[in-house]
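For reference, the chains in residue letters:
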Amino acid sequence: MNHFKEIAAQLERHDLDGMLLTGEANRFYASGFHSAGTDGVALVTRSKAYYFTDARYIEAAGRYVQGAEIRETRAGRGYGALTEEVVVSQHLRRLGFEDAYMTVQDHERYRKALSCDLVPATDILWQLRAVKDAEELDAMVAAQRIAEKALDQILGEIRPGVTEKEIAARLQYLMLHFGAENMSFDPIVVSGPNGSLPHGVPGERVIQNGEFVTMDFGCIYHGYCSDMTRTVAVGFATEEMQTVYRTVLAAQEAGIRAARAGVTGREVDGAARAVITAAGYGDYFGHSFGHGVGVEIHEAPNASPMNEKPLPAGAVISAEPGIYLPGKLGVRIEDVLLLTEDGCRDITKAPKELIIL
């Protein structure tokens, strides 16, 4: 799975002769091959694609990168020199680069090494990545199923006396055990009063009866992320806990009903936010309804109050409203949606009704 042709098809309309991809995420999106950090460069021109890497990855790149010429860096012949060879041979004048990813230092190095203009062009990749093709979606669904298997298992292990950190560690192990390549992000596991921290870090806090445990986690499969959040109660749930939970679930369902291609991210967010506000918890929902998911755990497009652009068909976004009462409790419920012209498809299958363990 690679997207060299899709990137090349965008160059002429953006008055570019090529696109230089140095960031890990876009390099993988283009080539379908993962090398860590800055250990690789993909270069796409209107007529040809190239992949540059060093001796540590050259054999693997030869096996997995298709549709591109592969070249190896050497001492005194680094990424800048290899890129300049293509610039000269193909007479490139305007070369797009990832202004949202490239450091100032790296930009200066390429500027000195290349005899062409470097043009900010990250948006081209973000727009392409926002719309998933069938292979990408299959990978994301598979990643989601792995996470759901881990959830099924961990629900039998949450009990008073277990710590947040132990649950987070088990989730990571279980996802790897069930076939994940890596985590989408470090799992968030927060309990009781820590639940009011939307991105709280799992600690040594011991879980007790009569409190919520919120788990936000996901994994990577074939380079694509899953993302989900479930909040469960241990022992029993107070009336207040149940009210907050029902409100968040109703807000998520309202956002899902509003989610479709062609509506703005602000409209989707607003549908969910209105439910929480009407219930009197508007001041306790501080983040957006959702974000794009794909090669990266946060990517375009967003279902947020600030996004007034129509959401495209084929986009995959999270659906994750929450209520966070400081120092008391928190609830978040998160699914992942595929947007279509007539609505959306929820690719998350885990149950959402309140579970009391």
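Residues numbered from 1 in each chain as written. Predicted model: local features only at pLDDT ≥ 70, side-chain atom pairs only at ≥ 80, totals over all residues. Heavy atoms only, no water.

Points about the sheet that holds strand β8 (residues 188-191)
Formally: Two strands are said to pair when DSSP picks up at least two bridges between them. Put simply, DSSP H or I for four residues or longer makes a helix, DSSP E for two residues or longer makes a strand, and each gets a number counted from the N terminus. Axes, fitted as lines to C-alpha atoms, cover a helix only where it is in contact. Angles between the N-to-C directions of the axes lie from 0 to 180 degrees. In this description, contact between two residues means that some pair of their heavy atoms is separated by no more than 4.5 Å.
In space, the 3 strands of this open sheet follow the order β8-β9-β12, with antiparallel pairing throughout. The two strands at the open ends of the sheet, each matched to only one other strand, are β8 and β12 (228-234). Strand-to-strand twist in this sheet, taken as the mean axis angle between neighbours without regard to direction, amounts to 15°. Alignment of β8 against strand β9 (residues 211-217), held across 4 bridges, turns out to be antiparallel. Bridge pairing in β9 places Val189 opposite Met215. Packing against the sheet, helix α8 (residues 164-177) makes contact with β8 and β9, and its axis sits at approximately 150° to β8.

Comments concerning the layout of surface pockets
Spelled out, the test is: Site definitions follow a grid-based scheme: protein atoms alone, a 1 Å grid, a 1.4 Å probe that fits but cannot get out for cavities, and for pockets an open set with protein on both sides within 12 Å along at least five of seven lines, plus lining residues having an atom within 4 Å of a point. Grid points are joined across faces, edges and corners, and a volume is the space filled by probe spheres set on the points. The classification used treats Ala, Val, Leu, Ile, Met, Phe, Trp, Tyr, Cys and Pro as nonpolar, Asp, Glu, Lys and Arg as charged, and all other residues, Gly among them, as polar.
Considering only enclosed or pocket space, the largest pocket measures out at about 700 Å³ in volume. Of all the secondary-structure elements, those providing two or more residues to the lining of the largest pocket are α2 (24-31) and β7 (182-183). Ranked by residue count, the leading element in the lining of the largest pocket is α2, at 4 residues. By residue class, the composition of the lining of the largest pocket is 11 nonpolar, 10 polar and 3 charged. Taken as a whole, the second largest pocket spans an internal volume of roughly 430 Å³. What lines the second largest pocket is a set of 14 residues, and nearest its centre among them are Gln127, Ala300, Pro301, Asn307 and Lys309. At the level of elements, α6 (122-130) and β14 (299-303) are the ones that each hand at least two residues to the lining of the second largest pocket.

A short note on the nonpolar core
The tendency in soluble globular proteins is for nonpolar side chains to be buried as a group. Heads up, the rule is: Throughout this description, the term nonpolar core refers to a set of buried Ala, Val, Leu, Ile, Met, Phe, Trp, Tyr and Cys residues connected via side-chain atoms within 4.5 Å. Buried means the residue's accessible area, taken with a 1.4 Å probe over protein chains only, is under 20% of the maximum for its type, while exposed means over 50%, and partly exposed covers the values in between.
The biggest cluster of nonpolar side chains holds 39 residues, and the ones touching the most others in it are Ile7, Met19, Leu21, Tyr29, Leu125, Tyr224 and Val316. Residues in contact with Leu125, not counting those within four places in the same chain, are Ile7, Met19, Leu21, Asn26 and Tyr29.

Section: empty space enclosed by the protein
The final tally for this structure, using the stated rule, is 1 cavity of 30 Å³ or more. In this structure, the largest cavity occupies an estimated 60 Å³ of space. Residue contributions to the lining of the largest cavity peak at 3 residues, all from β12. Counted by class, the lining of the largest cavity contains 7 nonpolar, 1 polar and 3 charged residues.

Things to note about the sheet that holds strand β3 (residues 49-53)
Sheet strands pair by backbone hydrogen bonding; their relative direction is either parallel or antiparallel. The strand order across the open sheet built from 6 strands is β4-β3-β2-β1-β5-β6, with neighbouring strands paired in mixed fashion. A single partner strand is all that each edge strand has here, and the edge strands are β4 (69-72) and β6 (117-120). Here the strands of the sheet are splayed against their neighbours by 25° on average, with no regard to which way each runs. Pairing analysis gives 4 bridges linking β3 to β4, with the strands arranged parallel. Residue pairing for β4: Tyr50 is matched across the bridge by Glu69.

Comments concerning the pairing of β14
Alignment of strand β13 (residues 290-292) against β14, held across 2 bridges, turns out to be antiparallel. Directly across from Gly292, in β14, lies its bridge partner Glu299. Remark: 6 residues form the turn of the hairpin made by β13 and β14, two consecutive strands paired antiparallel.

Overview of the pattern of salt bridges
Where we set the bar: Just to be clear on terms, a salt bridge is a Lys or Arg side-chain nitrogen sitting within 4 Å of an Asp or Glu carboxyl oxygen.
Within the structure shown, the criterion is met by 29 salt bridges. Here Glu69 and Arg71 are joined by a salt bridge, their closest N and O atoms 2.6 Å apart. The class of Arg71 is buried, set by a relative accessible area of 19%. Of the charged contacts in the structure, one is a salt bridge between Arg129 and Glu299, with a shortest N-O distance of 2.7 Å. Here Glu299 lies in strand β14 and Arg129 lies in helix α6, a separation of 170 residues in the sequence. In terms of burial, Arg129 and Glu299 fall into one category: buried. It is possible to trace a salt-bridge network through shared partners that takes in Lys48, Glu69, Arg71, Arg77 and Glu85.

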